[in-house]
Amino acid sequence: MRKTLIATLCALGLQAGLPAQSWAAADQQFIPLPTYRVGPYASSGIPWWAGTLDYLRYVNEVEGGVNGVKLVWQECETEWSVDRTVECYERHKNGLDGAPVAFFITHSTPASYALMERGHADRIPLLDPAGGRTESTDGSVFPYAFPLLLTYYGQASVGINYIAQREGGFDKLKGKKIATVYHDSPYGRETQAAIELLAKKYGFENIQIPVAHPGNEQSAQWRQVRQAKPDWVFLRTWGVSTPVAIKTAARFGFPVERIIGDIWASSDEDVLPAGAAAKGYQALTPYPGGADFEIHKRLKEHILDQGKSDLKDPKSFGSVYYNSGLVNAAIAVEAIRAGQARFGNRPLTGDEGRWGLEHLRLDAARLEEMGFLGLLQPLELSCSDHEGGGAAKVQQWDGEKWNLITDWVAADRATLRPLIDAKSAAYAAEKGITPRDCRAEQ
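Each chain has its residues counted from 1, following the order in which its sequence is written. Reporting of local features is limited, given that this is a predicted model, to residues whose pLDDT is at least 70; pairs of side-chain atoms are given and counted only at 80 or more, and all residues count toward the totals for whole chains, interfaces and linings. In computing side-chain properties, one takes all heavy atoms of the structure into account and sets aside hydrogens as well as water.

Engineer: Which parts of the structure should I look at to understand the overall build of the protein?
Structural biologist: Numbered from the N terminus, helices here are DSSP runs of H or I no shorter than four residues, and strands are runs of E no shorter than two. Looking only at helices and strands, the protein features 16 helices and 15 strands. We take the radius of gyration over the C-alpha atoms and set the globule estimate at 2.2 Å times the residue count to the 0.38 power. Here the protein has a C-alpha radius of gyration of 21 Å; the compact-globule value for 442 residues is 22 Å, and the two agree. Overall size of the protein, expressed as C-alpha extent along the three principal axes, is 70 × 50 × 40 Å. Between buried and exposed lies partly exposed: a residue is buried under 20% and exposed over 50% of the maximum accessible area for its type, with that area taken using a 1.4 Å probe on protein chains only. Across the 442 residues that make up the protein, the buried fraction comes to 59%.

Engineer: Quick question: what am I supposed to make of the packing of helix 5 (residues 152-167) against helix 15 (residues 413-431) here?
Structural biologist: Each pair of packed helices gets described by two things: the angle between the helix axes and the distance between those axes. Working convention: axes come from line fits to C-alpha atoms, limited for helices to the stretch in contact. Angles between N-to-C directions cover 0 to 180 degrees. At a closest axis distance of 11 Å, the pairing of helix 5 and helix 15 adopts a crossing angle of 155°. Taken as axis vectors, helix 5 and helix 15 run roughly antiparallel relative to one another. Like other packed secondary-structure pairs, helix 5 and helix 15 cross with a definite hand, here right-handed. Of the residues in helix 15, those in contact with Tyr-153, Gly-154 and Ser-157 of helix 5 are Leu-416, Leu-419, Ile-420 and Lys-423. Each angle receives one of four descriptions, namely roughly parallel if under 35 degrees, roughly antiparallel if over 145, roughly perpendicular if within 65 to 115, and oblique otherwise. Crossings are sorted by hand: turned counterclockwise from the far helix by less than a right angle, the near helix makes the crossing left-handed, and turned clockwise it makes it right-handed. Throughout, a residue-residue contact means that at least one pair of heavy atoms, one from each residue, lies within 4.5 Å.

Engineer: Whenever I open this one, the sheet that holds strand 3 (residues 104-105) confuses me. Can you help?
Structural biologist: In a beta sheet, neighbouring strands are held together by backbone hydrogen bonds and run either parallel or antiparallel to one another. Two strands make a pair as long as DSSP finds a minimum of two bridges between them. Spatially, 3-4-5 is the arrangement adopted by the three strands of the open sheet, whose pairing is parallel. At either end of the open sheet lies a strand with only one pairing partner, and these are strand 3 and strand 5 (145-146). Pairing of strand 4 (residues 126-127) with strand 5 involves two bridges; the strand directions are parallel. Counterpart to Leu-126 in the pairing with strand 5 is Ala-145.

Engineer: Honestly, the state of the cysteines in this entry has me stumped. Any pointers?
Structural biologist: Working definition: the covalent bond between the sulfur atoms of two cysteines is a disulfide. Cysteine sulfur pairs qualify as disulfides if the two atoms are within 2.5 Å. Here the structure, examined in full by the defined rule, presents two disulfides. One disulfide bridge connects Cys-76 with Cys-88, the sulfur atoms lying 2.2 Å from each other. Here the S-S torsion is close to 70°, and the disulfide linking Cys-76 with Cys-88 is therefore right-handed. Taken together, the residues Cys-76 in the loop between strand 2 (71-75) and helix 3 (82-92) and Cys-88 in helix 3 connect sequence positions 12 residues apart. With respect to burial, Cys-76 and Cys-88 carry one shared label: buried. A sulfur-sulfur distance of 1.9 Å marks the disulfide that ties Cys-383 to Cys-438. Here Cys-383 and Cys-438 share a disulfide; its torsion about the S-S bond, -60°, makes the bridge left-handed. Within this pair, whereas Cys-383 is found in the loop between strand 12 (379-380) and strand 13 (391-397), its partner Cys-438 is found in helix 16 (residues 438-441), the two being separated by 55 residues in sequence. Under the relative-accessibility criterion, Cys-383 is labelled buried at 4%. Judged by relative accessible area, Cys-438 falls into the buried class, the value being 9%. If the cysteines joined by disulfides in the protein are listed in sequence order, their pairing comes out as 1-2, 3-4.

Engineer: Where do I start with unusual backbone geometry in this structure?
Structural biologist: Trans peptide bonds make up the majority, and among non-glycine residues the majority have a negative phi. For the peptide bond that leads from His-213 to Pro-214, omega is -5°, which places it in the cis range. Summarising the element assignment, Pro-214 is placed in the loop between strand 7 (205-211) and helix 8 (219-228). Here the phi dihedral of Asp-97 falls at roughly 55°; this positive angle occurs in a residue that is not glycine. Here Asp-97 lies in the loop between helix 3 and strand 3.

Engineer: How should the environment of Gln-155 be read in this particular structure?
Structural biologist: Considering the arrangement of structural elements, one finds Gln-155 in helix 5. The exposure class assigned to Gln-155 is buried, which follows from its relative accessible area of 0%. Sequence separation between Gln-155 and Asp-412 is 257 residues; the distance between their C-alpha atoms is 9.9 Å. Beyond its immediate sequence surroundings of up to four residues, Gln-155 is in contact with Ala-130, Leu-150, Phe-234, Asp-262, Ile-263 and Leu-284.

Engineer: Explain the environment of Glu-369 here, please?
Structural biologist: Position of Glu-369 among the secondary structure elements: in helix 14 (residues 364-370). C-alpha separation for the pair Glu-369 and Ile-295, spaced 74 residues apart in sequence, amounts to 9.6 Å.

Engineer: What is the right way to read the pattern of salt bridges from this model?
Structural biologist: A side chain of one charge can pair with a side chain of the opposite charge when the charged atoms of the two come close. For this analysis, a salt bridge means a side-chain nitrogen from Lys or Arg found within 4 Å of a carboxyl oxygen belonging to Asp or Glu. All chains considered together, the criterion is met by 37 salt bridges. For the salt bridge of Arg-236 with Asp-262, the shortest nitrogen-to-oxygen distance reads 3.1 Å. Here Arg-236, found in strand 8 (residues 232-236), pairs with Asp-262, found in the loop between strand 9 (259-261) and helix 10 (268-271); they are 26 residues apart in sequence, far enough to count as distant. One network of salt bridges, in which partners are shared, links Glu-63, Glu-334, Arg-337, Arg-366 and Glu-369.

Engineer: Could you clarify how one ought to interpret the packing of aromatic side chains in this entry?
Structural biologist: One pair of aromatic rings is described through two measures. These are the centre distance and the angle between the planes. Stacked, tilted and edge-to-face are the three classes applied to pairs of Phe, Tyr and Trp rings, where Trp contributes its six-membered ring and a pair requires centres within 6.5 Å; stacked means planes under 30 degrees apart, edge-to-face means over 60, and tilted covers the rest. Counted according to the given criterion, the structure contains 21 aromatic pairs. Ring geometry for Trp-80 against Trp-238: centres 5.5 Å apart, planes inclined by 50°, an arrangement best described as tilted. Linking Trp-80 in the loop between strand 2 and helix 3 with Trp-238 in the loop between strand 8 and helix 9 (241-251), this pair joins segments that are 158 residues apart in sequence. Seen in terms of ring centroids, Trp-264 and Tyr-321 are 6.2 Å apart; in terms of plane orientation they differ by 10°. Their pairing is stacked. A residue pair is termed long-range when its members are at least 10 positions apart, and Trp-264 in the loop between strand 9 and helix 10 and Tyr-321 in helix 12 (residues 320-343) qualify at 57 residues.

Engineer: Teacher, can you tell me more about the nonpolar core here?
Structural biologist: When a protein is soluble and globular, its nonpolar side chains tend to lie buried together. Nonpolar cores were defined as sets of buried Ala, Val, Leu, Ile, Met, Phe, Trp, Tyr and Cys residues, with membership established by side-chain atoms within 4.5 Å. Within the largest apolar cluster, 110 residues are counted, with the highest numbers of intra-cluster contacts made by Tyr-55, Trp-222, Trp-264, Tyr-281 and Phe-372. Among the elements that line this core, the one with the most residues is helix 12, at 12 residues. Residues contacting Trp-222, with those up to four places away along its chain left out, are Val-181, Val-233, Leu-235, Ala-245, Thr-248, Ala-249, Phe-252, Phe-254 and Ile-259. Cys-76, Cys-88, Val-101 and Ile-124 belong to the second-largest nonpolar core, a separate cluster that totals 14 residues.

Engineer: How should helix 4 (residues 109-122) be read in this particular structure?
Structural biologist: Two residues of an α-helix separated by three or four positions point the same way, owing to the 3.6 residues in each turn. Multiplying 1.5 Å by the residue count of a helix minus one yields the expected span of that helix. Here helix 4 spans 19 Å end to end across 14 residues, near enough to the 20 Å set by a 1.5 Å rise per residue. To obtain the bend at a residue, axes are fitted to the seven residues ending there and to the seven starting there, and the angle between these axes is taken. A maximum bend of about 50° is found in helix 4 at Leu-115. Listing the buried residues of helix 4 in full gives Thr-109, Pro-110, Ala-111, Ser-112, Leu-115, Met-116 and Gly-119. For helix 4, the N-terminal cap is Ser-108; the gap from its side-chain oxygen to the backbone nitrogen of Ala-111 is 3.1 Å. Taken from the residues just after helix 4, Arg-123 is the one with a positive phi, measuring 60°. Side-chain atoms alone can form a polar contact between residues adjacent in sequence; in general such a contact is a pair of N or O atoms within 3.5 Å, and within protein one must be able to donate a hydrogen while the other accepts it.

Below you can see the structure in the form of structure tokens.
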């Protein structure tokens, strides 16, 4: 009767278009996934989570798990809602059927903020690659928060460094006007302190223009842009607000080739709905688009061609968002592997997952073994550095595809770090946190 009931419930779940229940065991590693395939940010979430799930299936079915430890996951449809993401965390923080949790992927800056204290109290690392709270780069104060790859401060710095390249040098920034059109949320506001610092350093005028959620009407904002006449616009939108921004900019006569999108405004799903207005648009990416990397060949053979992919639209295979899902899943898997090197080839707890993350080293040789060489930049994390990367490439949309137009452009981490340290110290004082001694731990 139990088997019949389980089969019936799973069938009903599938008929309703929902992911079937995952059944776990104590010898498996549980990964909760706060997905969002509906709502205003679904255009990003659908390919992103498809890349994540395809890679997790690949690790299980082709590699036999992580050193023999199978991965099991369960999804929560959140519509990118903070409340639903927090509820998903609370539901799954203690694991599933005995399978422990080594980390929680928030994939949402507002959710990372909301869960910061809970993750610390529960000793569960929060992973928010290319997002999160920037000062959580400092692991001495934020041991359980990881804004991996490229923080928002880093994204702002990469954007300014690229503009300086285009203008002929940093000295040419003096007197320029740079406007940031941003999603009015913790995500969108996160670069403000960094851009203010860089504006003082280089002498450009800093213009900040918010766009209310979800951003499907932006006439007032682009009228402001037209009046201010900036030399460049740094676009920090998300989901539906990105193509709306591009189309509205064209309607108000602002040249698209003078707009630079940040990481979360940089995929096919952001430009295709904008049509011809997007041709010439530029954006930052730590996840180069394309399906010619070695990992894509392996996935096509073992996952896509076998009908096991979560991807609904084959055209999104190799898109920036799909590749970001691959990269983020690969980092999570390799963190488990790093933790197992110390704690044994078994499922990890949150504290053990944190240790694995802080001892993660991905050099060119390892990236080649994984099939990610060229897709993922070398990454090295530590107690004091929860970012680990700090660079992005710039790509440009030609109306049909993205073309990389730079090599890796590095953020000015030396300039940004004092600001990060000051903010983390203020947070520690506010919360009564005694920072860890990272030198002693290392």
